Amino acid sequence: MNFRILAIVLMLTTTISSAQMFEAGVFVGGSNYIGDVGSSWYIKPNGFAAGGLFKWNISKRYAYRASVTLSTLHGADRDSDNAARQSRDYSFSNDILEGSIGMEFNFLEFDLDDFSRPITPYIYGGVSVFLHDDLYYIGNNAQVFGNKTTFAIPMTLGVKGKISTRFILAAEVGARYTFTDNIDGSNPEGGTPGTSFGNIFSDDWYVFSGVTLTYTFGERPCYSCFD
């Protein structure tokens, strides 16, 4: 029995290894923040974002994905539709460096070696870790008093298509729910007592919107092995 189990494991390993197809590329787009300072729009890029990503396509539907993204998040009450925020007139900038890993799911079967179905919508989810400035306010402007590493949950929706035998172009919007309420300096842990404001029971979000261009490489996929 043990020899049979070992044989099955070896056959599956060989099949999966022969089906590998990888992607590596870049992300370019914009970023925006959602929280207690600035505009209340969910998708309204006001900062530049760029990074790199890598995918391991394990089937026509699923791919493991890892990425690194760099951006500066901005928020200014003068851009808000809320009169109270406009009167307060706070503003901040926060540099972030994010690493993310998870799984991408294609709504349609997407064979990288077959142009009969060259486009599909997709979703991505996983876990992110990002380094950001820790802020507090002096007057109307947020100041940096340190750095902090925080987790976030990425939720991305996009559409991708093959533009050649080796290149894939995609457009996506990805929201991140963070485990901090101080991207904007509204709830500083090390700040002056009594400086917190806004909804201290709701953590901050940020959004990346843009395009990716990836180059495919590796062995010819054997997706039919799973049929």
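Please read all numbers here as calculations on a predicted model, not as lab measurements. (Residues numbered from 1 in each chain as written. Predicted model: local features only at pLDDT ≥ 70, side-chain atom pairs only at ≥ 80, totals over all residues. Heavy atoms only, no water.)

*Asks:* I'd love a proper account of the overall build of the protein, names of residues and values included.
*Replies:* From N to C terminus, the protein includes two helices and eight strands. Starting at the N terminus and ending at the C terminus, the protein contains elements arranged as α-β-β-β-α-β-β-β-β-β. Burial status across the protein gives 41% buried among its 227 residues. Looking at the protein alone, contacts between residues at least 24 apart form 68% of all its contacts between residues at least 6 apart. As displayed, the protein has an accessible area near 11,800 Å², and 63% of this comes from carbon and sulfur atoms. (Helix = DSSP H or I, 4+ residues; strand = E, 2+ residues; numbered from the N terminus. Buried < 20%, exposed > 50% of the residue type's maximum accessible area, 1.4 Å probe, protein only. Contact = heavy atoms within 4.5 Å. Areas by Shrake-Rupley, 256 points an atom, 1.4 Å probe, with all protein chains shown as cover.)

*Asks:* Kindly report on the environment of Leu112, identifying the contributing residues and their values.
*Replies:* Relative to the helices and strands, Leu112 resides in the loop between strand 4 (91–106) and strand 5 (119–138). On the basis of relative accessible area, Leu112 is assigned to the buried category, the value being 6%.

*Asks:* Please provide a residue-by-residue account of the packing of aromatic side chains, values included.
*Replies:* Under the counting rule described, the total for this entry stands at 18 aromatic pairs. Ring centres of Tyr33 and Phe92 lie 4.9 Å apart, and the angle between their planes is 85°; this geometry places the pair in the edge-to-face category. Taken as a pair, Tyr33 in strand 1 (residues 21–34) and Phe92 in strand 4 lie far apart in primary sequence, 59 residues in all. Phe92 matches Tyr33 in its accessibility class, with the two residues each being buried. Measuring from ring centre to ring centre gives 5.6 Å for Tyr177 and Phe179, while their planes differ by 75°; the resulting arrangement is edge-to-face. (Phe/Tyr/Trp six-rings, centres within 6.5 Å; stacked < 30°, edge-to-face > 60°.)

*Asks:* Residues and numbers for the side chain of Ser91, please.
*Replies:* Within the secondary structure, Ser91 sits in strand 4. Residue classification places Ser91 among the buried positions, given a relative accessible area of 14%. Polar side-chain contacts of Ser91 include one of 3.0 Å to the side chain of Asn141. Apart from the residues within four sequence positions on either side, Ser91 is in contact with Val37, Gly75, Ala76, Arg78, Tyr137, Asn140, Asn141 and Ala142. (Polar contact = N/O pair within 3.5 Å; in protein donor to acceptor, adjacent residues only side chain to side chain.)

*Asks:* Report on the pattern of salt bridges, specifying residues and quantitative values.
*Replies:* For the structure shown, the criterion picks out eight salt bridges. We note a salt bridge from Glu104 to Arg65, for which the minimum N-O separation is 2.8 Å. Of this pair, Glu104 sits in strand 4 while Arg65 sits in strand 3 (residues 62–76), and the two are 39 residues apart along the sequence. Taking the relative accessible area as the measure of exposure, Glu104 reaches 0% and is therefore buried. Here Arg65 falls in the buried class, since its relative accessible area comes to 6%. In this structure, Lys160 engages Glu104 in a salt bridge whose closest nitrogen and oxygen atoms are separated by 2.7 Å. Placement of Lys160 in strand 6 (residues 141–162) and of Glu104 in strand 4 is noted, with a sequence separation of 56 residues between them. In the salt-bridge network here, residues are joined through shared partners; they are Lys55, Arg65, Glu104, Lys160 and Glu172. (Salt bridge = Lys/Arg side-chain N within 4 Å of Asp/Glu carboxyl O.)

*Asks:* Kindly report on the nonpolar core, identifying the contributing residues and their values.
*Replies:* Ranked by size, the top nonpolar core spans 18 residues in total, and within it Val37, Leu73, Phe92, Tyr137, Ile183 and Tyr206 carry the most contacts. Ranked by the residues each element gives to this core, the list is headed by strand 5, at three residues. When near neighbours in sequence (up to four residues on either side) are disregarded, Ile183 contacts Tyr33, Leu73, Phe92, Asn94, Phe130, Leu135, Thr178, Asp204 and Tyr206. (Core = buried A, V, L, I, M, F, W, Y, C linked by side-chain atoms within 4.5 Å.)

*Asks:* Tell me what's going on with unusual backbone geometry, and back it up with residues and numbers.
*Replies:* Its identity as a non-glycine residue notwithstanding, Asp89 has a phi of 65°, on the positive side. Tracing the sequence through the fold places Asp89 in the loop between helix 2 (83–88) and strand 4.

*Asks:* Quick one: what's the story with the environment of Asp77, residue by residue and with numbers?
*Replies:* When you line up the elements, Asp77 lands in the loop between strand 3 and helix 2. Each C-alpha atom, one on Asp77 and one on Tyr90, is 5.4 Å from the other, the two residues being 13 residues apart in sequence. Looking at Asp77, its side chain comes within polar contact range of the side chain of Arg88, at 2.8 Å.

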